[in-house]
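Report on the structure
Spelled out, the chains give:
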Amino acid sequence: IETCRSMVALMDYDHSGKLGFDEFQALWNNLREWKGVFKKYDTDQSGSFNSYELRQAFSATGFRLSNAVFRCLVMRFANQAGNIEFDDFVLCAVRLKSIYDTFKSAGDGGKAEFGLDEFVQNGIYS
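What this report covers is the structure whose coordinates are included nearby.

Conventions used here
- Residues numbered from 1 in each chain as written.
- Predicted model: local features only at pLDDT ≥ 70, side-chain atom pairs only at ≥ 80, totals over all residues.
- Heavy atoms only, no water.
- Buried < 20%, exposed > 50% of the residue type's maximum accessible area, 1.4 Å probe, protein only.
- Helix = DSSP H or I, 4+ residues; strand = E, 2+ residues; numbered from the N terminus.
- Arc of directions from axis to C-beta.
- Axes fitted to C-alpha atoms, helices over the stretch in contact; angles between N-to-C directions.
- Parallel < 35°, antiparallel > 145°, perpendicular 65-115°, else oblique.
- Left-handed = near helix turned anticlockwise from the far one by under 90°.
- Contact = heavy atoms within 4.5 Å.
- Nonpolar A, V, L, I, M, F, W, Y, C, P; charged D, E, K, R; others polar.

Take helix α4 (residues 67-77) next. Among all positions in α4, only Phe70, Leu73, Val74 and Phe77 are buried. In an axial view of α4, the angular spread of the buried residues amounts to 100°, which keeps them on one side of the axis. In α4, the exposed residues that point more than 90 degrees away from the buried face are Arg71, Cys72 and Met75.

Shown next, in the form of structure tokens:
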């Protein structure tokens, strides 16, 4: 259910707690993309990503991550065997997209400026 809440928060541009048609359509397009990426990069067809497959999948979706950030994501979203299931991949992609979008809207390239209230709001509602 956390994945669903995060998906709504990602596309809920007016912070109404629900999605309008255009917001839903954008979310649907993201989900289709992430599902296609998951199928393509789950090369062993295990139904989950190992860290190598995950790195490739993130690159394919446009997320260029440092090794430190990548390790944090694996630690946060992987199961005990070190694999990331589809649901956790979507949740991770939603959170990354939210973070990237927030940063882009407040920044000019390599830096962004946030007030504490804005930072907390974006961190909580994602």
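Right, picking up where we left off after that structure.
Time to look at the packing of helix α1 (residues 2-11) against helix α2 (residues 21-41). In helix packing, the relevant descriptors are the interaxial angle and the interaxial distance, both defined with respect to the helix axes. Interhelical geometry of α1 versus α2 gives an angle of 125° and a closest axis separation of 9 Å. Compared by their axis directions, α1 and α2 come out oblique. Crossing geometry of α1 relative to α2 is assigned as right-handed. Facing α1, whose interface residues are Met7, Leu10 and Met11, α2 presents Glu23, Ala26, Leu27, Asn30, Leu31 and Trp34. Partitioned by chemical class, the residues of the contact of α1 with α2 number seven nonpolar, one polar and one charged.

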